[in-house]
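For reference, the chains in residue letters:
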Amino acid sequence: MTSDLVQHYSTASEGDRLFRTAHGRLEFLRTQQLVRRVLTSPVRVLDVGGGTGVHARWLAADGHSVHLLDPVPEHVEAAAALPGVTAQVGDARRLPTADNSVDAVVMLGPLYHLTDSADRMTALSEAVRVLRPGGILIAAAISRYLSALESGTNGSLDDTLAPSVRKVIATGEYDGHVGFMPTHWHTADELRSEVEAAGLVDVRIYGVEGPAWMALDQAGPGGDPALMTAALRCARLLEQDPRIIDTSAHLLAIARTAST
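Predicted model only: the values in this text are computed from it and were never measured. (Residues numbered from 1 in each chain as written. Predicted model: local features only at pLDDT ≥ 70, side-chain atom pairs only at ≥ 80, totals over all residues. Heavy atoms only, no water.)

## A few points about the packing of aromatic side chains
Line of reasoning, step 1. Going through the model one piece at a time under the given rule, you end up with two aromatic pairs.
Line of reasoning, step 2. Ring centres 4.0 Å apart and planes at 15° place the aromatic pair tyrosine 174 and tryptophan 185 in the stacked group. Here tyrosine 174 is found in strand E6 (residues 173-174), whereas its partner tryptophan 185 is found in the loop between strand E7 (183-184) and helix H9 (188-197), with 11 residues between them in sequence.
Line of reasoning, step 3. The exposure class of tyrosine 174 is buried, given its relative accessible area of 2%.
Line of reasoning, step 4. Among the residues examined, tryptophan 185 registers a relative accessible area of 2% and is labelled buried. (Phe/Tyr/Trp six-rings, centres within 6.5 Å; stacked < 30°, edge-to-face > 60°. Helix = DSSP H or I, 4+ residues; strand = E, 2+ residues; numbered from the N terminus. Buried < 20%, exposed > 50% of the residue type's maximum accessible area, 1.4 Å probe, protein only.)

Written as structure tokens, this is what we have:
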């Protein structure tokens, strides 16, 4: 998995991914909102799988001490150049970090790239190991319903695509049928179960973009400020509604390690 991931991201333009489309900007803004709710004062943050530092940049600007890990050397080089950010090559399953040494682990990519459930549990266990008692885990996942909603909205859902869409909804095994590399996609319930199985407590699952992200994509790359404002409000209104949460393109788990 790691070699395929490094090859993919060595040629992909990851640094501006969240700013190329209105949907990407919605994902960025909502992630920022949710993270800032729990990281309310400066703490030590380990940004695992942090890419080129899109989130590390603003976390450091908020006053946090941010160390970024990523398996892609080009990402690490870019992140290390950001003000207030240190970075090194690393794997979510083998964190080069001491026990109980950080206040928050931000894990916005590894869980969907780790297609084997045992690897995801290893990564979550590593996060628990390095967190201090009462520390915060923030972990992202991709919704199993992303491709059904995207292709059903943009007109690409046909008889050829439908079997792959059914498979990812049923199993979480995404085969790349609407772009991106093969990954694991979660339901909100599955994400909660994995985080709880790692021993974390006070687990909350949020829908990141809410159900309006598809409308933003269809509005075009420039977007409409009124649509963005409404989409942000809609996402926040429905962020924990169990009947709608899986319509978000991404999910976010926020949990804590047990206090001693």
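## Topic: unusual backbone geometry
A negative phi angle is the norm for most residues apart from glycine, just as the trans form is the norm for most peptide bonds.
Line of reasoning, step 1. The phi torsion at asparagine 100 lies on the positive side, around 50°, for a residue other than glycine.
Line of reasoning, step 2. You can see asparagine 100 is positioned in the loop between strand E3 (85-89) and strand E4 (102-107).
Line of reasoning, step 3. Of the residues examined, asparagine 100 reaches a relative accessible area of 48% and is grouped as partly exposed.
Line of reasoning, step 4. The backbone of phenylalanine 180 shows a phi angle near 75°, a positive value even though the residue is not glycine.
Line of reasoning, step 5. One can find phenylalanine 180 in the loop between E6 and E7.

## Comments concerning the pairing of E4
Along any regular strand the residues' side chains alternate between the sheet's two faces.
Line of reasoning, step 1. In terms of burial, E4 is largely enclosed, as six of its six residues are buried.
Line of reasoning, step 2. Note: strand E1 (residues 44-48) against E4, four bridges, orientation parallel. Across the sheet, residue valine 45 finds its bridge partner in E4, namely alanine 104.
Line of reasoning, step 3. Judged from the five bridges that link them, E4 and strand E5 (residues 131-142) form a sheet pairing that is parallel. Bridge assignment links alanine 104 to a residue of E5, and that residue is isoleucine 136. (Pairing = 2+ DSSP bridges.)

## Section: the nonpolar core
Line of reasoning, step 1. Judged by nonpolar contacts, the single largest core of 29 residues is most densely connected at Leu46, Val105, Leu137, Leu191, Val195, Ile205 and Leu251.
Line of reasoning, step 2. Every element with two or more residues in this core is listed here: E1, E4, helix H6 (117-130), E5, H9, strand E8 (201-207) and strand E9 (250-256).
Line of reasoning, step 3. Once residues lying within four places of it in the same chain are set aside, the contact partners of isoleucine 205 are Ala188, Leu191, Arg192, Glu239, Gln240, Ile245, Leu251, Leu252 and Ala253.
Line of reasoning, step 4. With 28 residues, the next largest nonpolar core counts Ala104, Leu108, Ile138 and Ile254 among its residues. (Core = buried A, V, L, I, M, F, W, Y, C linked by side-chain atoms within 4.5 Å. Contact = heavy atoms within 4.5 Å.)

## Description of the sheet that holds E3
Sheet strands line up and pair through hydrogen bonds in the backbone, either parallel or antiparallel.
Line of reasoning, step 1. The strand order across the open sheet formed by seven strands is E3-E2-E1-E4-E5-E9-E8, and the pairing between neighbours is mixed. Edge positions in the open sheet fall to E3 and E8, since each of these has one partner strand only. Along the sheet, successive strands turn relative to each other by an average axial angle of 15°, direction set aside.
Line of reasoning, step 2. As paired strands, E1 and strand E2 (residues 65-70) are joined by five bridges and run parallel to one another. Its bridge partner lying in E2, valine 45 is registered against valine 66. (Axes fitted to C-alpha atoms, helices over the stretch in contact; angles between N-to-C directions.)

## Examining the packing of H6 against H9
Line of reasoning, step 1. In contact at an axis separation of 9 Å, H6 and H9 are set at 55° when each is read in the N-to-C sense. Taken as axis vectors, H6 and H9 run oblique relative to one another. Judged by the twist between their axes, the crossing of H6 over H9 is right-handed. Each of Arg120, Met121 and Leu124 in H6 lies in contact with H9, whose residues at this interface are Glu190, Glu194, Val195 and Ala197. (Parallel < 35°, antiparallel > 145°, perpendicular 65-115°, else oblique. Left-handed = near helix turned anticlockwise from the far one by under 90°.)

## Considerations on the pattern of salt bridges
Line of reasoning, step 1. Within this structure, the stated rule accounts for 16 salt bridges.
Line of reasoning, step 2. Between aspartate 103 and arginine 44 there is a salt bridge, with its nearest N and O atoms 2.9 Å apart. Here aspartate 103, found in strand E4, pairs with arginine 44, found in strand E1; they are 59 residues apart in sequence, far enough to count as distant.
Line of reasoning, step 3. You can call aspartate 103 buried: its relative accessible area is 11%.
Line of reasoning, step 4. The class of arginine 44 is partly exposed, set by a relative accessible area of 37%.
Line of reasoning, step 5. When the shortest N-O distance is used, the salt bridge between arginine 93 and aspartate 119 registers 3.4 Å. Linking arginine 93 in the loop between E3 and E4 with aspartate 119 in helix H6, this pair joins segments that are 26 residues apart in sequence. (Salt bridge = Lys/Arg side-chain N within 4 Å of Asp/Glu carboxyl O.)

## Section: helix H8 (residues 162-171)
Line of reasoning, step 1. For H8, the full list of buried residues reads Ala162, Ser164, Val165 and Val168. End-on view of H8: buried residues confined to an arc of 165°, all on one side of the axis. Turned more than 90 degrees from where H8 packs its buried face, Arg166 and Ala170 sit exposed.
Line of reasoning, step 2. Lining the buried residues of H8 we find helix H7 (146-154) and E6.
Line of reasoning, step 3. Downstream of H8 by a residue or two, glycine 172 has a phi angle that is positive, lying close to 85°. (Arc of directions from axis to C-beta.)

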